[in-house]
Amino acid sequence: SVRQPESAEGACAAYGRALIAQKRIDKALEVLQAGEKKFGDVFAVNNGLMFAYSAKGDYKKAISAAEKATAKAPNENAKKILEGQIAKLREGKDVN
């Protein structure tokens, strides 16, 4: 089955990203970590965790989440974007 952007894990990730935009990083991490427990190793949540950990300055965890997201990327374009973000994180740069 094809996952739609309105999926529950997609909604969780979108909420996490909205919280990051509001500078509510701890709440975003809480939401995304709960999503990880509920949905498991899925692209949307790992991608969201990358942004949250990056916003916290925890680039090591951000890279780990980004690598998990890359493994589950829905297409080559998503993989390429993530590879660029991983490179930034390795340079100690926030991807937000």
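Preceding block: the structure.
Residues numbered from 1 in each chain as written. Predicted model: local features only at pLDDT ≥ 70, side-chain atom pairs only at ≥ 80, totals over all residues. Heavy atoms only, no water.

**Student:** Got a minute to help me understand the environment of Glu9 in this structure?
**Tutor:** Structurally, the position occupied by Glu9 is in helix H1 (residues 8–21). A relative accessible area of 7% places Glu9 in the buried class. For the pair Glu9 and Phe39, spaced 30 residues apart in the sequence, the C-alpha separation amounts to 6.6 Å. (Helix = DSSP H or I, 4+ residues; strand = E, 2+ residues; numbered from the N terminus. Buried < 20%, exposed > 50% of the residue type's maximum accessible area, 1.4 Å probe, protein only.)

**Student:** Is there a simple way to think about the environment of Ala8 in this case?
**Tutor:** When you line up the elements, Ala8 lands in helix H1. Residue Ala8 is classed as partly exposed on the basis of its relative accessible area, which comes to 46%. With 50 residues separating them along the chain, Ala8 and Asp58 place their C-alpha atoms 26 Å apart.

**Student:** Would you mind showing me how to read the pattern of salt bridges here?
**Tutor:** Side chains that carry opposite charge are capable of pairing whenever their charged atoms lie near each other. In total, this model carries six salt bridges according to the counting rule given. When the shortest N-O distance is used, the salt bridge between Lys68 and Glu36 registers 4.0 Å. Of this pair, Lys68 sits in helix H4 (residues 59–71) while Glu36 sits in helix H2 (residues 25–39), and the two are 32 residues apart along the sequence. In this structure Lys68 comes out as partly exposed when scored by relative accessible area, which is 37%. With its nearest N and O atoms 3.8 Å apart, the salt bridge here joins Glu76 to Lys79. Of this pair, Glu76 and Lys79 both sit in helix H5 (residues 76–90), three residues apart, roughly one helical turn. According to the relative accessible area criterion, Lys79 is partly exposed, its value standing at 28%. (Salt bridge = Lys/Arg side-chain N within 4 Å of Asp/Glu carboxyl O.)

Such coordinate-based values are descriptive only and should not be taken to indicate function.
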